[in-house]
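# Report on the structure
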4 protein chains.
Amino acid sequence: MSERNGPGTGQGVGVWFVGARGSVATTAIVGLLALRARIVAPVGCVSELEPFADAALPGWDDLVVGGHDIVHTSLEKRAEQLAEAGVVPHRVLASVRGGLSEVDAEIRCGYHPATHGGAQAPAAERLAEDIRDFARRHGLARVVVVNLASTEAPLPHDPAHDSLAALEESMADPARTVLPPSSLSAYAALRAGCAYVEFTPSPGITLPALTELASREGLPYAGCDGKTGETLLRTVLAPMFSARALRVRSWAGTNLLGGGDGETLADPAHAGSKLESKARGLAALLGDEVTAPLHIDNVPDLGETKTAWDNVSFEGFLGARMSLQFTWTGYDSALAAPLVLDLTRLTSAAHAAGRTGPIGELAFFFKDPYGSEEHRFAEQARTLFEWAATL
Amino acid sequence: MSERNGPGTGQGVGVWFVGARGSVATTAIVGLLALRARIVAPVGCVSELEPFADAALPGWDDLVVGGHDIVHTSLEKRAEQLAEAGVVPHRVLASVRGGLSEVDAEIRCGYHPATHGGAQAPAAERLAEDIRDFARRHGLARVVVVNLASTEAPLPHDPAHDSLAALEESMADPARTVLPPSSLSAYAALRAGCAYVEFTPSPGITLPALTELASREGLPYAGCDGKTGETLLRTVLAPMFSARALRVRSWAGTNLLGGGDGETLADPAHAGSKLESKARGLAALLGDEVTAPLHIDNVPDLGETKTAWDNVSFEGFLGARMSLQFTWTGYDSALAAPLVLDLTRLTSAAHAAGRTGPIGELAFFFKDPYGSEEHRFAEQARTLFEWAATL
Amino acid sequence: MSERNGPGTGQGVGVWFVGARGSVATTAIVGLLALRARIVAPVGCVSELEPFADAALPGWDDLVVGGHDIVHTSLEKRAEQLAEAGVVPHRVLASVRGGLSEVDAEIRCGYHPATHGGAQAPAAERLAEDIRDFARRHGLARVVVVNLASTEAPLPHDPAHDSLAALEESMADPARTVLPPSSLSAYAALRAGCAYVEFTPSPGITLPALTELASREGLPYAGCDGKTGETLLRTVLAPMFSARALRVRSWAGTNLLGGGDGETLADPAHAGSKLESKARGLAALLGDEVTAPLHIDNVPDLGETKTAWDNVSFEGFLGARMSLQFTWTGYDSALAAPLVLDLTRLTSAAHAAGRTGPIGELAFFFKDPYGSEEHRFAEQARTLFEWAATL
Amino acid sequence: MSERNGPGTGQGVGVWFVGARGSVATTAIVGLLALRARIVAPVGCVSELEPFADAALPGWDDLVVGGHDIVHTSLEKRAEQLAEAGVVPHRVLASVRGGLSEVDAEIRCGYHPATHGGAQAPAAERLAEDIRDFARRHGLARVVVVNLASTEAPLPHDPAHDSLAALEESMADPARTVLPPSSLSAYAALRAGCAYVEFTPSPGITLPALTELASREGLPYAGCDGKTGETLLRTVLAPMFSARALRVRSWAGTNLLGGGDGETLADPAHAGSKLESKARGLAALLGDEVTAPLHIDNVPDLGETKTAWDNVSFEGFLGARMSLQFTWTGYDSALAAPLVLDLTRLTSAAHAAGRTGPIGELAFFFKDPYGSEEHRFAEQARTLFEWAATL
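Residues numbered from 1 in each chain as written. Chains lettered and ligands numbered in written order. Predicted model: local features only at pLDDT ≥ 70, side-chain atom pairs only at ≥ 80, totals over all residues.

## So, the overall build of chain A
Counting its secondary structure elements, chain A contains 12 helices and 11 strands. Its C-alpha atoms give chain A a radius of gyration of 21 Å, near enough to 21 Å, the size a compact globule of 391 residues would have. The dimensions of chain A, computed from C-alpha atoms along their principal axes, are 70 × 50 × 45 Å. When the 391 residues of chain A are sorted by exposure, 62% land in the buried category. Considering only intrachain contacts with a sequence separation of at least 6, the fraction spanning at least 24 residues in chain A is 80%. (Helix = DSSP H or I, 4+ residues; strand = E, 2+ residues; numbered from the N terminus. Rg over C-alpha atoms; globule rule 2.2 N^0.38 Å. Buried ≥ 20, exposed ≤ 12 C-beta atoms within 10 Å, placed from the backbone. Contact = placed C-beta atoms within 7 Å.)

See below:
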């Protein structure tokens with residue numbers, strides 16, 4: 001039971017990371033262990049703020065971590081790399097090595113279409129069984145599955161995605177690869193009775209067949225695309241221009257990032273999901289007529305650091321032309337990891353409270369929120385904090 | 001009656017600018033004339049936004065402008081200077097020249113301690129009578145006095161400011177200069193039965209003797225220090241860090257400005273008010289422990305342009321050190337002028353509705369709001385828009 | 001004879017702009033007229049600096065302007081648009097209207113492949129004759145042709161470009177369009193006995209057939225791609241890192257521009273030339289291993305303004321990771337126009353002095369200099385100033 | 001003998017740091033040990049560049065380090081703090097611990113007026129003897145004394161500084177403290193027959209009495225105020241504006257720094273030297289009429305990081321107003337330390353070559369160079385590299 005966030009539930013809650021050895025998951029795991037050991041303050045953890053003081057959230061000590069990954073580097077090794085990159089302090093790393101190898105033992109082999117032969121149905125069943133086994137062994141009340149794997153390209157329409165029946169028929173066909181990995185994970189999560197959080201802009205749970213399944217199983221889900229930097233600022237700043245009746249004429253953005261994320265997003269196909277997700281938000285906030293060129297560049301030497309530069313050109317009284325520029329420099333994993341922990345706690349609480357379908361109240365965390373049209377950050381915060389009072 | 005903002009009141013409302021020939025007042029006057037002529041869109045005018053659609057605000061055609069100033073350059077000449085500086089478009093200037101000379105005829109000689117001899121009581125009575133005469137001649141329902149004159153230094157405590165009786169006794173003494181110009185104007189405004197808006201960080205109406213008078217006369221007032229640039233952004237951005245549980249460690253700011261404002265604020269005594277007003281806001285939003293060096297530099301070649309640069313250093317998860325920098329480049333007068341018009345309409349409506357004392361609902365417009373402890377921009381906007389529905 | 005730049009030559013020198021109604025040419029023409037009228041100082045004119053005091057350059061009064069364009073908007077109209085956009089002051093425009101219509105009368109219809117039928121040989125002859133006629137009518141000692149037309153795409157190799165004989169055979173073939181407009185203009189210039197300046201990154205004079213012709217005719221030429229903003233800064237800053245033994249790891253750039261240039265460069269084919277020209281410079285300065293993503297975005301609302309942002313990530317002692325970011329905001333035409341006038345004077349002087357082939361000493365002015373491998377700005381300046389002493 | 005920089009001298013050369021336990025000295029020492037161990041590349045070391053390949057400089061292996069300090073924290077502890085702050089990599093620290101304690105044993109107690117009683121003459125003699133003893137024990141050919149201690153306030157004129165005779169008379173007077181610590185160190189250095197480098201803007205060797213002594217002893221010296229960040233960029237960028245005939249109107253700067261340097265410079269008296277040193281350079285480059293407000297703020301949370309922001313407002317052709325802004329973020333110690341090593345090698349070589357008095361060829365390294373009026377970076381680099389060929 002956590003001392004910090006009210007009563008806690010007193011019972012184990014699982015968090016299952018898809019992409020459990022990635023930078024965000026590793027940072028989240030290191031951080032969870034450090035929070036549990038009381039050696040760091042919960043900076044960046046929204047669920048530790050005052051509005052959540054009385055919410056029935058699982059405590060840090062209640063969370064049990066497992067996951068899937070297609071990479072075999074140990075968590076300890078990954079944490080060392082993050083320490084070298086400045087994301088994890090050396091003193092923290094030293095304290096959590098033991099915990100890391102315990103979590104490592106809970107990571108199972110993930111799904112990758114290139115190495116998997118045959119129909120997707122048995123593959124999904126295997127993934128689901130990994131999660132069920134994890135829950136059984138730890139006697140968990142419930143498990144939240146969080147997708148942190150590499151961003152996938154947007155998906156063309158496929159009739160097999162339109163209904164659960166059609167989907168499962170296709171999944172049984174050894175000649176077909178009907179689901180991308182994120183959606184296969186979402187399917188497996190739902191089959192294992194788990195709530196699902198889509199932290200990337202990948203297709204994941206958004207296919208009609210999968211939302212049908214979530215609905216049938218009475219499971220909640222949240223997403224998508226964690227809002228950690230440039231978009232966070234945009235959803236904070238754009239409402240200012242609107243409330244002040246200032247007319248934004250253009251909003252140009254450049255993102256420089258290294259790490260694995262930089263490499264994935266250097267591929268235009270994968271970047272597509274991210275760029276679409278970002279653009280949708282800006283249009284929702286300011287309307288379609290704003291010129292908004294946006295770039296994501298892979299700059300390997302930046303490592304885990306991400307630098308975003310935005311140039312906002314706006315018009316004021318009597319046509320006066322003015323500008324705002326901002327530069328945001330952060331560690332993407334350090335920004336994302338506490339949100340992942342927050343989402344786990346909140347989605348678990350929603351599940352416990354019987355919530356089904358998309359949790360729009362979690363729009364605060366996402367670039368492209370499921371179940372909500374609200375992109376204004378302050379409104380999202382208010383909605384979240386009011387919802388917290390009901391948990 | 002305005003077509004744009006609902007029914008209007010159908011009756012003349014006066015706006016009396018103290019500092020009527022300054023850059024902000026001149027821009028507001030040019031803009032009002034241009035709005036009335038339907039040759040510009042009301043960009044930057046908050047009172048034209050949807051939440052005010054049904055509020056009983058005076059229309060652009062209802063407003064009649066007069067004012068005090070100690071400078072004698074004509075409004076037309078001042079408008080030409082602002083056109084040269086890029087604030088007023090040449091085509092707009094050409095269309096409003098006639099209107100400017102009409103307003104010019106309503107500007108009376110202001111009060112300046114250096115040129116005024118004798119007791120302040122008769123000086124105040126003369127100022128008040130200028131306003132009453134203006135109201136009578138135009139058959140105005142009411143007049144809002146808005147202080148736009150140069151920023152004054154903070155005021156040391158003086159027992160004569162503590163009660164109206166003590167104040168008036170001192171004002172009758174020819175040997176004393178008990179009130180700074182802004183407070184003398186506020187006194188005159190109240191004596192003339194007018195609502196008062198303090199758009200600068202000067203002492204103005206804040207002395208106990210004057211709030212006592214406002215209360216006795218049943219008059220509303222609003223202030224202080226129009227929020228147009230760096231502080232606007234700070235009140236938008238600081239709540240983001242709080243809502244995300246990120247720990248701001250330092251927030252450094254530099255303001256470069258030319259124009260008369262630059263010159264006034266280059267004098268540390270005058271800058272004091274402005275710096276205090278800015279610092280109070282940041283402390284209210286983030287707590288006192290944030291290192292926050294702040295500079296205002298006079299850079300004459302920038303003319304009417306103002307450039308602010310802020311460097312925010314913050315800590316995230318696991319102690320990660322990250323930063324946000326922004327550069328804001330704007331025309332101060334173009335940012336302030338529409339707010340001045342908004343405040344005139346809203347304060348007039350509050351007066352008409354019988355409101356007395358500080359109007360905390362107008363905190364949205366100010367760096368250091370009277371009658372409100374709320375500095376978070378989004379909360380201020382919500383409060384303002386909800387209040388609009390009651391007008 | 002100019003008072004400012006030494007003796008002058010006392011004889012008329014022609015400058016023939018290809019793209020004479022574009023923003024750069026119009027600004028250059030307005031500026032030349034204003035310099036001649038002594039109503040502006042020669043700010044931005046390198047040839048007015050002290051090292052040129054004794055060089056035998058044509059004075060402002062000696063220059064006579066003509067040109068080609070495929071656009072028919074009058075120069076006066078174009079100058080009004082530039083005044084509206086803030087590039088040309090209204091008071092200057094008022095003083096030069098007469099001069100503008102005189103120059104307008106010297107502009108002839110340019111060449112455009114879409115509207116031109118038949119072989120290119122007669123088209124080139126017509127262009128050359130326009131220039132010869134201009135020179136005859138004004139009794140000019142010589143004419144410098146400066147290409148300021150829209151950037152063209154890079155050219156695939158064509159054997160017809162390899163020798164003058166092959167080229168002229170193809171140009172006689174009505175079924176072939178063997179030269180892009182810039183190269184046709186260069187050919188016409190050389191045929192008319194004129195020196196040629198390539199101010200854009202278009203192919204222009206670079207084809208072997210054309211340099212052969214220049215050589216045969218004993219004509220000098222200079223280029224290419226005027227260095228006015230981001231690249232100017234790069235050639236200033238990159239040598240600093242080298243001289244300080246600091247290791248640049250990445251140099252990312254974003255250019256936001258509106259105007260016609262923005263539109264042309266939004267087309268990836270046209271942007272190709274510009275991006276290649278920029279990238280070559282950086283690689284020459286820092287080596288190939290620097291990651292250097294570079295974008296040019298069309299942002300129409302910026303009008304004539306151009307904003308460039310660069311992020312330089314570098315490594316220092318003991319591997320320390322550090323960064324430099326810069327933002328450059330300027331009017332592209334105001335930066336380019338004085339260089340165009342400088343190049344006209346200098347190329348004319350070189351021609352008068354019997355210089356043939358590429359003038360490497362003018363590398364100072366260009367992103368991708370002909371006849372020089374030197375990209376370091378300070379070295380280019382020194383070379384230029386030393387050369388000035390020989391003129 | 002170094003493999004990297006040509007032949008080396010094959011004989012021990014001492015470097016004596018005043019302020020040997022400060023951040024810059026510690027970083028220099030760690031770096032020297034790491035270079036000697038061949039575990040880092042000489043990034044940031046100018047003397048390793050090609051122009052120095054044949055210069056007779058001492059190799060890394062030839063340098064022996066000692067120094068004075070008034071602080072007693074061990075070098076190892078200081079290096080750990082710098083590792084924590086990100087300046088020294090953990091892997092490097094691990095490799096040089098042994099070497100650090102060897103150097104530590106060579107650090108003697110420095111001079112501090114608050115703890116020292118009596119006349120300054122014996123104090124100076126003690127400091128000089130420390131250096132002589134160091135040289136004797138290590139059989140050094142010569143020693144270079146480098147002042148890296150905290151910046152001191154500018155010095156009022158004192159007739160006792162005007163000649164060596166007057167100075168030594170005052171130094172013998174127990175009632176007088178005639179020299180600030182930096183000048184006492186310079187005096188001691190000269191008395192010990194050592195070349196002197198002033199890396200701070202403190203008075204140091206600049207007093208006429210001391211330059212007289214240097215001259216009499218035939219010793220060279222160099223300074224002052226290492227050029228590592230904002231000023232480095234200014235001396236690179238300002239010449240660009242001049243060479244392009246662009247008129248800089250204002251150049252505003254803000255420096256945010258933590259660490260001990262931030263604390264020292266937060267005291268306006270100490271900042272005075274630094275601000276004067278910076279301002280002189282800009283005026284020398286651009287003339288006196290440029291408005292140039294400049295701030296140094298102590299922002300403790302920035303630690304060893306320094307962030308500088310400059311806003312340059314300039315005028316181009318036809319009066320166009322344009323701007324350049326830059327943000328420089330670096331580790332001050334990592335920028336300064338390699339220059340300190342370079343200066344040691346170069347000053348030692350100059351001493352060996354019989355050079356006396358100020359070494360103007362080292363202006364490249366300094367904000368306010370002794371013996372040179374040249375502030376333009378590229379010219380300084382050329383002078384340095386040409387001089388290297390003579391060594």
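## Looking at the interface of chain B and chain A
The figure often quoted for interface size is the accessible area lost as the parts come together. Every contact between the two is made by 46 residues of chain B and, on the other side, 46 residues of chain A. Of all the elements in the fold, those that place two or more residues in the side of chain B that touches chain A are α1 (23-36), α8 (230-243), β10 (321-331), α11 (332-352) and α12 (377-388) of chain B. In terms of residues, the side of chain B that touches chain A owes the most to one element, β10(B), which gives 10 residues. Where strand β10 (residues 321-331) of chain A and β10(B) come together, seven bridges link them in antiparallel fashion. Considered in β10(B), the bridge of Thr329(A) is made with Ser323(B). (Pairing = 2+ DSSP bridges.)

## Observations regarding the pairing of strand β9 (residues 305-315) of chain B
Residue and element names in this part refer to chain B. Of all 11 residues in β9, 10 are buried, a share of seventy percent or more. Alignment of strand β7 (residues 247-257) against β9, held across 10 bridges, turns out to be antiparallel. Bridging across to β9, Asn255 finds its partner in Ala308. Across 11 bridges, the pairing between β9 and β10 is antiparallel. Bridging across to β10, Trp309 finds its partner in Thr327. Linking β9 back to β10 in an antiparallel pair, the connection comprises five residues, with Leu318 at a positive phi of about 60°.

## Considerations on the interface of chain D and chain C
Counting from both sides, the interface comprises 46 residues of chain D and, opposite them, 46 residues of chain C. For the side of chain D that touches chain C, the elements supplying multiple residues, two or more each, are α1 (23-36), α8 (230-243), β10 (321-331), α11 (332-352) and α12 (377-388) of chain D. At 10 residues, the largest contribution of residues to the side of chain D that touches chain C is made by β10(D). For the side of chain D that touches chain C, the per-class residue count stands at 33 nonpolar, nine polar and four charged. (Nonpolar A, V, L, I, M, F, W, Y, C, P; charged D, E, K, R; others polar.)

## Some words on α12(D)
The periodicity of an α-helix, 3.6 residues per turn, causes residues three or four positions apart to be oriented the same way. Here α12(D) is 12 residues long and its end C-alpha atoms lie 16 Å apart, about the 16 Å a rise of 1.5 Å per residue gives. Listed as buried for α12(D) are Phe377(D), Ala378(D), Gln380(D), Ala381(D), Leu384(D) and Ala388(D). Looking straight down α12(D), one finds that the buried residues subtend no more than 155° of arc, so they occupy a single side. Tucked into the core, α12(D) has its buried residues touching α8 (230-243) and α12 (377-388) of chain C together with α8 of chain D. (Expected span 1.5 Å × (residues − 1). Arc of directions from axis to C-beta.)

## Looking at the domain arrangement of chain A
Residue and element names in this part refer to chain A. Taken domain by domain, chain A holds domain 1 (13-226 + 334-388) and domain 2 (230-332). At the interface, 23 residues of domain 1 touch 25 residues of domain 2. Only α11 (332-352) and α12 (377-388) provide two or more residues apiece to the side of domain 1 that touches domain 2. It is α11 that provides the largest number of residues to the side of domain 1 that touches domain 2, a total of three residues. Across the side of domain 1 that touches domain 2, the residue classes break down as 11 nonpolar, six polar and six charged. (Domains from an automatic or database assignment.)

## A word on the environment of Ala105(C)
Mapping Ala105(C) onto the fold places it in the loop between α3 (90-104) and β3 (107-109). Placed 39 residues apart in sequence, Ala105(C) and Gly66(C) show a C-alpha to C-alpha distance of 8.1 Å.

## Structural notes on the relation of the copies chain D and chain C
After a rotation of 180° and a shift along the axis of 0.0 Å, chain D superposes on chain C with an RMSD of 0.0 Å. Taken together, the rotation and translation describe the operation of a two-fold axis. When each C-alpha of chain D is compared by its distance to the rotation axis, Phe326(D) comes out closest, at 2.1 Å. (Least-squares fit on C-alpha atoms with pLDDT ≥ 70 in both.)

## A look at the UniProt feature "domain: Myo-inositol-1-phosphate synthase GAPDH-like" (unreviewed entry) in chain A
With numbering matched to this structure, UniProt assigns "domain: Myo-inositol-1-phosphate synthase GAPDH-like" (unreviewed entry) to residues 229-333 of chain A. Helix makes up 41% of residues 229-333 of chain A and strand makes up 36%, while its end C-alpha atoms are separated by 11 Å. (UniProt positions renumbered as here; feature names shortened; annotations may be inferred.)

## Re the sheet that holds strand β2 (residues 63-69) of chain A
Residue and element names in this part refer to chain A. Spatially, seven strands are ordered β3-β2-β1-β4-β5-β6-β11 in an open sheet, and the strand pairing comes out parallel. At either margin of the open sheet sits one strand with a lone partner, and together these are β3 (107-109) and β11 (357-358). Sitting on the sheet, helix α6 (residues 181-191) is in contact with β1 (13-18), β4 (142-147) and β5 (195-198), with an inclination near 175° to β4. (Axes fitted to C-alpha atoms, helices over the stretch in contact; angles between N-to-C directions.)

## Things to note about the packing of α1(B) against α11(B)
Residue and element names in this part refer to chain B. α11 packs onto α1 with a crossing angle of 65° between their chain directions and a minimal axis gap of 8 Å. At the point where α1 passes α11, the crossing takes the right-handed sense. Contacts between α1 and α11 pair Ser23, Val24, Thr27, Ala28, Gly31 and Leu32 from the former with Ser333, Ala334, Ala336, Ala337, Pro338, Val340 and Leu341 from the latter. Partitioning the contact of α1 with α11 into residue classes produces nine nonpolar, four polar and no charged. (Left-handed = near helix turned anticlockwise from the far one by under 90°.)

## Re the relation of the copies chain B and chain A
With an RMSD of 0.0 Å, the operation that places chain B on chain A is a rotation of 180° combined with a shift of 0.0 Å along the axis. Comparing interface residues between copies, 100% of those in chain B also sit at the interface in chain A, which points to an isologous, same-surface contact.

## Considerations on the sheet that holds strand β11 (residues 357-358) of chain B
Residues and elements named next belong to chain B. Judged by pairing direction, the sheet is parallel, and its seven strands sit side by side in the order β3-β2-β1-β4-β5-β6-β11 without closing on themselves. In the strand order of this sheet, the two ends are held by β3 (107-109) and β11, each with one partner. One ladder, built from six bridges, connects strand β1 (residues 13-18) with strand β2 (residues 63-69); its direction is parallel. Within the sheet, the bridge partner assigned to Val18 lies in β2 and is His68. Sheet contacts for helix α4 (residues 120-138): β1, β2, β3 and β4 (142-147); angle to β1, the most-contacted strand, approximately 150°.

## Observations regarding the packing of helix α2 (residues 75-84) of chain C against α3(C)
Residue and element names in this part refer to chain C. One way to put it is that α2 packs onto α3 with a least axis distance of 8 Å and a crossing angle of 155°. Compared by their axis directions, α2 and α3 come out roughly antiparallel. The handedness of the crossing between α2 and α3 comes out as right-handed. Each of Leu75, Glu76, Ala79, Glu80 and Ala83 in α2 lies in contact with α3, whose residues at this interface are His90, Leu93, Arg97, Leu100, Ser101, Val103 and Asp104. Here the residues of the contact of α2 with α3 are counted per class, giving six nonpolar, two polar and four charged. (Parallel < 35°, antiparallel > 145°, perpendicular 65-115°, else oblique.)

## Comments concerning the confidence of the model for chain A
All names here are of chain A. On average, chain A scores 93 in pLDDT, and the residues at 70 or more come to 97%. Residue range residues 1-8 is modelled with pLDDT below 50. Its contacts to residues more than four positions away, or to other chains, number 23 contacts. Scoring the predicted complex yields pTM 0.94 and, for the interface, ipTM 0.95. (pLDDT = per-residue confidence, 0-100.)

## Description of the nonpolar core
Counting residues in hydrophobic clusters, the biggest one holds 525 residues, and the most contacted among them are Ile131(A), Cys194(A), Ile131(B), Cys194(B) and Ile131(D). Ignoring any residue separated from it by four or fewer positions in sequence, one finds Cys194(B) in contact with Trp16(B), Ile131(B), Val143(B), Val144(B), Val145(B), Ala189(B) and Leu219(B). (Core = buried A, V, L, I, M, F, W, Y, C linked by C-beta atoms within 7 Å.)

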